Amino acid sequence: MAEIVRPVKGTQDYYPEEMAVRSWLYGRMRAVSEAFGYQEYDGPFLERLELYAAKSGEELVEKQSYVFEDRGGERVTLRPELTPTLARMVAARQKQMAFPLRWWSFGPFWRYERPQKGRSREFFQWNIDLIGDDSPEGDAELAAIAASFLRSVGLRPDESQILVNNRPLMQRELEALGIAAKQLGGVYRLIDRRDKLDVAKWEAMGKVIGLDKGQLAGLSQLLSDIELWKKSDSLKRFFDAIDAYGVNDMVRYAPTIIRGLDYYTGTVFEAWDTAGDFRSIFGGGRYDDLVNAVGGDPVPAVGFAVGNVVLTLLLEKLGHVPALGSTPAPVYVTLFDADSLTASLTLASELRVAGLNVTSHLSPDKLQKQFKQADRLGAKIVVILGPEEAAQGQVSFKELAGGEQQSVARGQAAAAIGRLLESAQGT
RNA sequence: GUGGGUGUAGCUCAAUCGGUAGAGCACCGCACUGUGACUGCGGGGGCUGCGGGUUCAAGUCCCGUCAUCCACCCCA
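Below is a short write-up of the structure. Just so you know, these numbers come straight off a predicted model, no measurement behind them.

Description of the overall build of chain A
Next up, step 1: On a plain count of helices and strands, chain A comes out with 16 helices and 16 strands.
Next up, step 2: Relative to the compact-globule value of 22 Å for 427 residues, chain A shows a C-alpha radius of gyration of 28 Å, a clear excess of over 25%.
Next up, step 3: The proportion of buried residues among the 427 residues of chain A is 47%.
Next up, step 4: Intrachain contacts of chain A at a sequence separation of at least 6 include 68% that bridge at least 24 residues.

Written as structure tokens, this is what we have:
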């Protein structure tokens, strides 16, 4: 036998069981998005490289993007994120649109990096953005959407938390410590490491980027001050709104949250599993300059993105993925023998016309085998049309869970099966 | 890009000091010629990732290579 061609590294095959999980997540995302009045949209999966050159993090564009030349010599990129596309789309129709826009999307993205736990090269992402609103209440709306979503997939406050900070606030505080503007990038990275490195290593890293002892001490103090948000009018209004949205059990201030991407300008947030088994579940925040950066007039915006990989791992670990029916159809019509092929197919067809979802067995195998297959597939009811039934104008059907079998006149079969399915669903 | 772990049946794994490659699950058959899930009995399945080396002898030791996982970097 020839060797099976390997899939591309870092991609995932979605067999029906995995696809059911992805579709379920998509359904929850859609429900929450629509509950808050957001509209679905999408952009192309291919973009010009220059779109990302404008504003994304250098690492993301230079090292982690799939870039290639198409047959016409154009340098194109498999989109590594959606936000620049969104900014481009908004900029293109800016003059004719009614702001604020509330938009959401779910689709595939690609990043060329080494696969590991929670990270793959091809993944799916939910993006949701509020464009054209610059209020802290807008920030809070996105955090509330995020919290509602986490709840809707079964995550409790003790399992997952949304951590919030504000970049202007941090910038003011860092400047007060005498940290120069050009040091900010390095300091942000240092802040991001706060929980990853031990104290000695963390301080060593601080010295490398040019912080003196007093500044390090001040920074440490800053990063343990969970009351720091009270110095920010923006965050005060944010948390008032969070209370109003009824999600304050899932959203809290954390001075160590700063975010890596360059384009965030205001409030930023991330969701984490409280057990700390995984990397962040999602991240987002305010980006007021991005539409401007791709050629439009300045428009304030806030949004976040949720990848499916970490989220799925976490939900599986916590047992929150529901038992999803990968059942193709609840009704399975057997084929008694080769001679009854036409009769069986016709029966199945009649049942479908009556509104039932029906799988037909296509080869005249032993009934034993057919029942076994029906059971494995997860069918609820198996239908038999054999010589006895045919002679009496009847159809037999058996409910697999209960094991009870009955026969009814053929004309009433669909109705009887439908009733049985409904009562089975009720239990 | 850097560092580490692991590759044995379809899946999960075992194999003592280097000495003829095994179990559970799954699959197939029979008990049961009109009935699944449960039970009993039986059966098929392996280039031990690949290539080389050491040895009387390699799944086991050594080198290389590929794949995969984990960590770093970065990030959904």
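Some details on the sheet that holds strand S4 (residues 75–78)
Next up, step 1: Spatial strand order, S2-S4-S3: 3 strands in an open sheet with antiparallel pairing. Edge positions in the open sheet fall to strand S2 (46–48) and strand S3 (66–69), since each of these has one partner strand only. Shown here is a sheet whose adjacent strand axes are inclined to one another by a mean of 35 degrees, direction ignored.
Next up, step 2: As defined by bridge partners, S3 adjoins S4 across 4 bridges and the pair is classed as antiparallel. The residue bridging Tyr66 from the neighbouring strand is Leu78, located in S4.

Some details on the protein's contact with RNA strand B
Next up, step 1: Near RNA strand B you find 43 residues, and of these Arg111, Arg119, Arg193, Leu400 and Gln405 are the closest.
Next up, step 2: Contacts to RNA strand B include Lys366, whose side-chain N or O atom sits 3.1 Å from a phosphate oxygen.
Next up, step 3: Within the contact set of RNA strand B, a base oxygen lies 3.0 Å away from a side-chain nitrogen or oxygen of Lys398.
Next up, step 4: Going through the elements one at a time, strand S6 (122–131), strand S10 (282–286), strand S11 (301–307), helix H14 (367–377) and helix H15 (387–392) are the ones with two or more residues in the surface near RNA strand B.
Next up, step 5: With 6 residues, the single largest contributor to the surface near RNA strand B is H14.

What about the environment of Leu150?
Next up, step 1: Within the fold, Leu150 resides in helix H5 (residues 136–152).
Next up, step 2: Once the C-alpha coordinates of Leu150 and Leu335 are considered, the two residues, 185 residues apart in sequence, prove to be 46 Å apart.
Next up, step 3: Those residues in contact with Leu150 that lie beyond four places of it in its chain are Leu155, Ser160, Ile162, Met250, Ala271 and Phe282.

Topic: the pairing of strand S15 (residues 394–399)
Next up, step 1: Both strand S14 (residues 381–384) and S15 contribute to a ladder of 4 bridges, which runs antiparallel. Residue pairing across strands places Ile384 opposite Ser396, the latter belonging to S15.
Next up, step 2: Where S15 and strand S16 (residues 405–409) come together, 5 bridges link them in antiparallel fashion. Across the sheet, residue Gln394 finds its bridge partner in S16, namely Ala409.
Next up, step 3: Between S15 and S16, which pair antiparallel in sequence order, lie 5 residues; one of them, Gly403, sits at a positive phi of approximately 85 degrees.

Re the packing of aromatic side chains
Next up, step 1: Tallied over the full model, the rule gives 16 aromatic pairs.
Next up, step 2: Connected via pairs of aromatic rings, a cluster forms that spans Tyr14, Tyr26, Trp104, Phe106 and Phe124.
Next up, step 3: Over the face of the ring belonging to Phe109 we find Arg79, whose NZ or CZ atom lies 4.2 Å from the ring centre.
Next up, step 4: We note Arg121 situated over the ring of Tyr112; from NZ or CZ to the ring centre the distance is 3.8 Å.

Describing the sheet that holds S14
As a general point, the strands of a sheet are linked pairwise by backbone hydrogen bonds and lie either parallel or antiparallel.
Next up, step 1: Within the open sheet, the 5 strands sit side by side as S13-S12-S14-S15-S16. Their pairing is mixed. Only two strands of the sheet have a single neighbouring strand rather than two, namely strand S13 (358–360) and S16. The average angle at which neighbouring strand axes cross in this sheet is 25 degrees, direction not considered.
Next up, step 2: Bridge count for strand S12 (residues 331–333) against S13 is 3 bridges, and the pairing is parallel. The partner of Val333 across the bridge, within S13, is Ser360.
Next up, step 3: In the packing of helix H13 (residues 341–353) onto the sheet, contacts are made with S12, S13, S14 and S15, and the angle to S13 comes to roughly 170 degrees.
Next up, step 4: Against the sheet, H14 makes contact with S12, S14 and S15, and its axis sits at roughly 160 degrees relative to S12, the strand it touches most.

Quick notes on the side chain of Glu47
Next up, step 1: Within the secondary structure, Glu47 sits in strand S2.
Next up, step 2: At 2.8 Å, the side chain of Glu47 and the side chain of Arg88 are in polar contact.
Next up, step 3: With near-sequence residues (within four places) excluded, Glu47 lies in contact with Tyr52, Arg75, Val76, Thr77, Thr85 and Arg88.

Here's the deal with the nonpolar core
Next up, step 1: Core analysis: the biggest nonpolar cluster contains 62 residues, and Trp126, Ile162, Leu219, Phe282 and Phe304 have the highest contact counts within it.
Next up, step 2: The element contributing the most residues to this core is H5, with 9 residues.
Next up, step 3: Other than its neighbours up to four places away in sequence, Trp126 contacts Met29, Val32, Ser33, Trp104, Ser105, Phe106, Ile145, Phe149, Phe304, Ala305 and Val306.
Next up, step 4: Among the nonpolar cores identified, the runner-up in size contains 25 residues, and Tyr41, Ile257, Val268 and Val291 belong to it.

Definitions and limits used
- Residues numbered from 1 in each chain as written.
- Chains lettered and ligands numbered in written order.
- Predicted model: local features only at pLDDT ≥ 70, side-chain atom pairs only at ≥ 80, totals over all residues.
- Heavy atoms only, no water.
- Helix = DSSP H or I, 4+ residues; strand = E, 2+ residues; numbered from the N terminus.
- Rg over C-alpha atoms; globule rule 2.2 N^0.38 Å.
- Buried < 20%, exposed > 50% of the residue type's maximum accessible area, 1.4 Å probe, protein only.
- Contact = heavy atoms within 4.5 Å.
- Pairing = 2+ DSSP bridges.
- Axes fitted to C-alpha atoms, helices over the stretch in contact; angles between N-to-C directions.
- Near = heavy atom within 4 Å.
- Polar contact = N/O pair within 3.5 Å; in protein donor to acceptor, adjacent residues only side chain to side chain.
- Phe/Tyr/Trp six-rings, centres within 6.5 Å; stacked < 30°, edge-to-face > 60°.
- Lys NZ or Arg CZ within 6 Å of the ring centre and 35° of its normal.
- Core = buried A, V, L, I, M, F, W, Y, C linked by side-chain atoms within 4.5 Å.

Nothing here speaks to function; it is geometry throughout.
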